[in-house]
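Chain by chain, the residues:
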Amino acid sequence: MIQAGDSLALWLQLLFPAACGVAVFAIPRRRLGTALLAVSSALHLCITAFFWFVPRRELALEGWLALDEIGRLFLGIVSVLFAAAAAYVVGYLSHHRLLALQNAQGDKAAAASAAERSERIFISSLLFFLSTMTLVTFCQHFELLWVAIEATTLASAPLVYFHRGPHALEATWKYLVICSFGIALALLGNFLLSIAAPAHAGGALTVSSLLSRAALLDRAWLKAAFIFLFVGYGTKMGLAPLHTWLPDAHSEAPSAVSSLLSGALLSCAFVGILRAFHVCVAAGLGSFAQGILVTFGLISMGFAAVFIIRQQDYKRMLAYSSVEHMGVLSLSVGLGGAAVFAGMLHAIGHALIKAMLFLVAGNILIAYHTKSAKAVRGVLRALPASGVLWFLGLFAITGFPPFGLFTSEFLILRFALERGRYGVAIPYLLFLSLIFIGMASVSLPMLLGEPQGAAKTHVPREWRWSILPPVALAFLALALGPHIPPFLKARIDAIAVELNTGVPGGAK
Amino acid sequence: MGIRNGSFVDFLLIALILGNLLLLGSSRLMSYIRICAAQGLLVSALTFILHRGEVSARIVVLVVGSAVLKAGLFPWLLIRAVRVAYIKKEIEPIVGYSASLIFGVLILALSLWLSARLPIHGKAAASFVPTAAFFTIFTGCFLIVSRTKAITQVISYLVLENGIYLFGLPFVGEAALLIELGVFLDLTVGVAVMGIIIYHISREFDSLDVKHLSTLKDWGS
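Read on for an overview of the structure. (Residues numbered from 1 in each chain as written. Chains lettered and ligands numbered in written order. Predicted model: local features only at pLDDT ≥ 70, side-chain atom pairs only at ≥ 80, totals over all residues. Heavy atoms only, no water.)

Quick notes on the overall build of chain B
Argument step 1. Counting secondary structure elements, chain B contains seven helices and zero strands.
Argument step 2. Split into buried and exposed, the 221 residues of chain B put 54% on the buried side.
Argument step 3. As presented, chain B carries roughly 9700 Å² of accessible surface, and 69% of it is formed by carbon and sulfur atoms. (Helix = DSSP H or I, 4+ residues; strand = E, 2+ residues; numbered from the N terminus. Buried < 20%, exposed > 50% of the residue type's maximum accessible area, 1.4 Å probe, protein only. Areas by Shrake-Rupley, 256 points an atom, 1.4 Å probe, with all protein chains shown as cover.)

Describing the interface of chain A and chain B
Argument step 1. Listed as interface residues are 46 residues of chain A and, on the opposing side, 46 residues of chain B.
Argument step 2. For the pair chain A and chain B, the summed buried surface comes to about 4000 Å²; carbon and sulfur atoms form 74% of the total.
Argument step 3. Seen at the junction of chain A and chain B, the total is one residue pair in polar contact (both at pLDDT 80 or more).
Argument step 4. Looking at the side of chain A that touches chain B, the elements that each hand over two or more residues are α5 (142-160), α6 (165-196), α9 (245-252), α11 (286-308) and α12 (314-335) of chain A.
Argument step 5. Ranked by the residues each element gives to the side of chain A that touches chain B, the list is headed by α6 of chain A, at 21 residues.
Argument step 6. Residue classes in the side of chain A that touches chain B are distributed as 29 nonpolar, eight polar and nine charged. (Contact = heavy atoms within 4.5 Å. Buried area = accessible area lost by both parts, 1.4 Å probe. Polar contact = N/O pair within 3.5 Å; in protein donor to acceptor, adjacent residues only side chain to side chain. Nonpolar A, V, L, I, M, F, W, Y, C, P; charged D, E, K, R; others polar.)

Structural notes on unusual backbone geometry
All names here are of chain A.
Argument step 1. For the peptide bond that leads from A240 to P241, omega is 5°, which places it in the cis range.
Argument step 2. Its place among the elements puts P241 in the loop between α8 (219-237) and α9.
Argument step 3. For the bond running from P401 to P402, omega is 5°, close enough to zero to count as cis.
Argument step 4. In this structure, P402 sits in the loop between α15 (384-397) and α16 (404-418).
Argument step 5. Even without being glycine, R164 reaches a positive phi, approximately 60°.
Argument step 6. Assignment of secondary structure puts R164 in the loop between α5 and α6.
Argument step 7. Among the residues examined, R164 registers a relative accessible area of 39% and is labelled partly exposed.

A short note on the packing of aromatic side chains
Argument step 1. One pass over the full model with this rule turns up 23 aromatic pairs over all chains.
Argument step 2. Between F400 of chain A and F436 of chain A the ring centres are 5.0 Å apart and the planes differ by 40°, which places this aromatic pair in the tilted class. Placement of the pair is F400 of chain A in the loop between α15 and α16 and F436 of chain A in helix α17 (residues 422-447), with a sequence separation of 36 residues.
Argument step 3. With relative accessibility at 33%, the residue F400 of chain A sits in the partly exposed group.
Argument step 4. Through a chain of ring-to-ring contacts, three or more aromatic side chains come together here, namely F226, F230, F288 and F296 of chain A.
Argument step 5. Over the face of the ring belonging to F288 of chain A we find K223 of chain A, whose NZ or CZ atom lies 5.2 Å from the ring centre.
Argument step 6. Lying over the aromatic face of Y165 of chain B, K70 of chain B brings its terminal NZ or CZ to 3.9 Å of the ring centre. (Phe/Tyr/Trp six-rings, centres within 6.5 Å; stacked < 30°, edge-to-face > 60°. Lys NZ or Arg CZ within 6 Å of the ring centre and 35° of its normal.)

Notes on the layout of surface pockets
Where empty space is left in the structure can be found by rolling a water-sized probe over the atoms.
Argument step 1. Volume-wise, the largest pocket comes out at about 1400 Å³.
Argument step 2. Lining the largest pocket we find 44 residues, and of these F128, A151, L154 and A155 of chain A together with V189 of chain B sit closest to its centre.
Argument step 3. Put simply, the parts of the chain that give the lining of the largest pocket at least two residues each are α1 (4-26), α4 (108-138) and α5 of chain A together with α7 (177-205) of chain B.
Argument step 4. Element by element, the count of residues in the lining of the largest pocket is highest for α7 of chain B, at 13 residues.
Argument step 5. Residue composition of the lining of the largest pocket, grouped by class: 32 nonpolar, eight polar and four charged. (1 Å grid on protein atoms, 1.4 Å probe; cavity = no way out; pocket = protein on both sides within 12 Å on 5 of 7 lines; lining within 4 Å. Points joined across faces, edges and corners; volume = space filled by probe spheres on them.)

Considerations on the packing of α9 of chain A against helix α10 (residues 255-282) of chain A
All names here are of chain A.
Argument step 1. Across the interface, α9 lies against α10 with an axial gap of 7 Å and an inter-helix angle of 135°. In this view, α9 runs oblique relative to α10, as classed from their interaxial angle. On the side of α9, the interface is formed by W245, L246, A249 and H250, while α10 contributes S258, L261, S262 and L266.
Argument step 2. Residue classes in the contact of α9 with α10 are distributed as five nonpolar, three polar and no charged. (Axes fitted to C-alpha atoms, helices over the stretch in contact; angles between N-to-C directions. Parallel < 35°, antiparallel > 145°, perpendicular 65-115°, else oblique.)

Thoughts on the side chain of S251 of chain A
All names here are of chain A.
Argument step 1. Residue placement: S251 occurs in helix α9.
Argument step 2. Under the relative-accessibility criterion, S251 is labelled buried at 1%.
Argument step 3. In contact with S251, not counting residues within four places along its chain, are D313, K315, R316 and K371.

Observations regarding α9 of chain A
All names here are of chain A.
Argument step 1. In terms of burial, α9 is a largely internal element, eight of the eight residues being buried.
Argument step 2. Those residues of α9 not exposed but buried are W245, L246, P247, D248, A249, H250, S251 and E252.
Argument step 3. Check the buried side of α9 and you find it contacts α5, α6, α8, α10, α12 and α13 (338-368).

Overview of the side chain of S258 of chain A
All names here are of chain A.
Argument step 1. When you line up the elements, S258 lands in helix α10.
Argument step 2. By relative accessible area, which is 0% here, S258 ends up buried.
Argument step 3. Side chain to side chain, S258 and K315 meet in a polar contact 3.4 Å long.
Argument step 4. Discounting chain neighbours no more than four positions away, the residues touching S258 are H250, A253, K315 and F358.

Side note on the nonpolar core
The nonpolar side chains of a soluble globular protein tend to be buried with one another.
Argument step 1. F74, W173, M344, I364 and W390 of chain A are the most contacted members of the largest nonpolar core, which has 251 residues in total.
Argument step 2. Ranked by residue count, the leading element in this core is α13 of chain A, at 22 residues. (Core = buried A, V, L, I, M, F, W, Y, C linked by side-chain atoms within 4.5 Å.)

A few points about the pattern of salt bridges
All names here are of chain A.
Argument step 1. Taken as a whole and assessed by the stated rule, the structure comprises twelve salt bridges over all chains.
Argument step 2. The partner of E69 in a salt bridge is R491, with the nearest N and O atoms 3.2 Å apart. Here E69, found in helix α3 (residues 69-103), pairs with R491, found in helix α20 (residues 486-501); they are 422 residues apart in sequence, far enough to count as distant.
Argument step 3. For D493, the salt bridge goes to K489, with nearest N and O atoms at 3.5 Å. One end of the pair, D493, and the other, K489, are both in helix α20, four residues apart, so they sit about a helical turn from each other.
Argument step 4. Here D493 falls in the partly exposed class, since its relative accessible area comes to 32%.
Argument step 5. Residue classification places K489 among the partly exposed positions, given a relative accessible area of 38%.
Argument step 6. Several salt bridges share partner residues, and in doing so they unite E170, K174, D248 and R316 into one network. (Salt bridge = Lys/Arg side-chain N within 4 Å of Asp/Glu carboxyl O.)

As for the environment of L78 of chain B
All names here are of chain B.
Argument step 1. Residue position: L78 is located in helix α3 (residues 57-84).
Argument step 2. A relative accessible area of 5% places L78 in the buried class.
Argument step 3. As a C-alpha pair, L78 and D10 span 68 residues in sequence and 29 Å in three-dimensional space.
Argument step 4. Once you skip the residues sitting within four places of it in the chain, L78 turns out to touch I33, I151, V154, I155 and L158.

In structure tokens:
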């Protein structure tokens, strides 16, 4: 039943960050931005916790907005990651401001006001980004979902461009054009979906309405709709071969933004694919959709393996690792059965660890002033805390125990072998090991040796806010590994049942 | 229901198809913008004609909204971007103009074949709407990959969007006003953001050629 309190929480969750974004943009006060950023991320986290531990099905706008099991899971990911990134950003921005003032020649006042202005745009875009990602997790209506996913691109484009300069410009342009192109195809997919849904049966294009009349859907049109939705949202999710924007945007964006793009935004695009997949399963097209998901999952892992080996830029390496993990997610859902459970676990684990790694990469970049892995040596000596985190994160992201990704990758492999899908299991294992070798050979040498270059002479102290957020994320990822908390397990089980059988869930 | 002014609809669709061919063959940025705006106007007119029997507040908002945005705001933004960036130069395409035109004829044939094969029922089946829509979509896709100016890519994206919008036109009976407003909002912000980036590209490189935007690579430099 709809209760006033739930409804209020839902609208607060959606609109409060955007309202703060408007305020930050409009009011030029230096402290206001960081204060509102902290307040909204904390409030967002609290309300998300409320939705998790007091589970009800909140509804608004005639069932267009509701928090079902899938949405709740990804809302949790977005909220936790944003809180970590926001905490990091506060310290990062003060560093950036200092740097801008140091580098300014001549007019200090003009430099300060320019830095202040770009900071304001940055924070308000960040808040809009949070609002739009939250909207994605709440959307039950396919076309509203489209609007929300496109809005995430637009809100995050200024974030990618924060550092200015030709490289950031190129990355932003590619991000905008390729993602808009993909999203346009998803719009076509939405139209095809509305053709597939017989108009005379009534009802809107909401997930629950489509699931309840799944048997009436026109299967040929639904197939076409799924293909376009998959390609469109898959572009945004970074599935190969339409992933080309991803390494550029992730390496050029500020590290806190990269962590959000990789952990939260890609997961949000995956929500779009999951929604379409859910309807396909309910309409009896499960094996068709699964075939597509498995194929593109493996292709993405293959692409990532090729580009990670001999990669020279450590942020690009992390970006390609995201392509790999998005491939694993797609593959796991495509395999069905127990692999879906593992896939959802994988989504959480990847988001936490990858966000942590990007934040640490940001610390390394600040100290060494270079993204080239060859130029970075002696991180363990120069930045002890970041060095340890980098080391742990590297093993966590490549699926070593005791971190969460080991459990999920192992479950996927076991399921594939149990079902006799050797054609999937063998390339899967091959790509995972190639990626491990590639990432280890790039990142381990960064840790050892003597610090050189900029870091040798001038090593900035690791400030509290650059270390605490990644440490918190690492702890969460570690907690997932050996033992999945029962409340989480129940939720993920519910999602797996929904996606395997196509029944509408969460309405209890 | 049904389409009463069938021949008039066909006339508009043929105008749209000719516009696509002009886009493929033309070299001046200004004519690109004008053709794209004219197509926006055509699509809004088609919205009205195809939904004549059921004029509601929604249809009025759709018609007025798409006309104002696609034939008013977007061309204005794009022309401003062209002025700011001082480009009067002709476009240097990756694929030449005559080759583009030949390709255009091929994709027109493909669109005819595709729309004849699709099991489309209802009002759309009676007309060439799907054919014209497919052709516009393919033209947009082709232009995005074959032209090198940042601004041309934005225009091509709008052409692609026009095609998709036209394709959905006969079918979207159920989608609500809120969603269409959302689509408009996304488009507007999208074009505005792209416009800002275009401004920065022109300031950074003294040119709007996306060939400059190819330094980010994986191996070597």
